[in-house]
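Okay, here's what each chain looks like letter by letter:
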Amino acid sequence: MVDPYDPSEMLVCPYDPVHRLARKRMQGHLIKCRKNYNTKDFKTCPFNAQHVIPKPEFSFHMETCVDRGRVEQEILHDSTAYKSKGDTSIPKHDWKPPEAQESWDDDNVVYIPKKPEGLFEIRDPSPKT
């Protein structure tokens, strides 16, 4: 059986067909090559970032992408994997917070900032004559 994700398989760059490289190097190449070519005519497949498709062909690719089934299977598997069995209710507890010994709201303390001394010197910006 042939592995469809063989890392040594040679792929063609969607931006420049002259560029041929191994699958394992394609993702890094796409990042570099995207900077050199006009990318507004291409869209990236949400199922596989290595699928860079011309905009006119994108809707067809979305319907026929081979990785779409894998992603949908993972989503389906994940949604069913977390179904709990048995009692999942939170147990009751009798803990109550301790009574506060002091109240900062009742203090009548007024904050009056003081000029710091010795840290820096404030100079008059006007020139002395």
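The preceding data block contains the structure.
Now for a quick tour of the structure. (Residues numbered from 1 in each chain as written. Predicted model: local features only at pLDDT ≥ 70, side-chain atom pairs only at ≥ 80, totals over all residues. Heavy atoms only, no water.)

1. Here's the deal with the nonpolar core
Right, on to step 1. Among the nonpolar cores identified, the biggest contains 9 residues, and these are L11, C13, Y15, L21, M26, L30, C33, F42 and V52.
Right, on to step 2. It is helix α1 (residues 23-36) that provides the largest number of residues to this core, a total of 3 residues.
Right, on to step 3. Contacts of C33, omitting those with residues within four sequence positions, involve C13, Y15 and H19. (Core = buried A, V, L, I, M, F, W, Y, C linked by side-chain atoms within 4.5 Å. Buried < 20%, exposed > 50% of the residue type's maximum accessible area, 1.4 Å probe, protein only. Helix = DSSP H or I, 4+ residues; strand = E, 2+ residues; numbered from the N terminus. Contact = heavy atoms within 4.5 Å.)

2. A word on the packing of aromatic side chains
Right, on to step 1. What the rule picks out here adds up to 1 aromatic pair.
Right, on to step 2. Consider the rings of Y15 and F42, whose centres lie 4.9 Å apart with planes at 70°: the pair is edge-to-face. Residue Y15 is located in the loop between β1 (10-12) and β2 (20-22), and its partner F42 is located in strand β3 (residues 42-44); the two are separated by 27 residues in the primary sequence. Considered together, Y15 and F42 belong to a single accessibility category, that of buried residues. (Phe/Tyr/Trp six-rings, centres within 6.5 Å; stacked < 30°, edge-to-face > 60°.)

3. Thoughts on the environment of L11
Right, on to step 1. When you line up the elements, L11 lands in strand β1.
Right, on to step 2. Spatially, the C-alpha atom of L11 lies 9.6 Å from that of K24, the residues being 13 residues apart in sequence.
Right, on to step 3. Not counting residues up to four positions away in its chain, the partners in contact with L11 are H19, R20, L21, R23, M26 and Q50.

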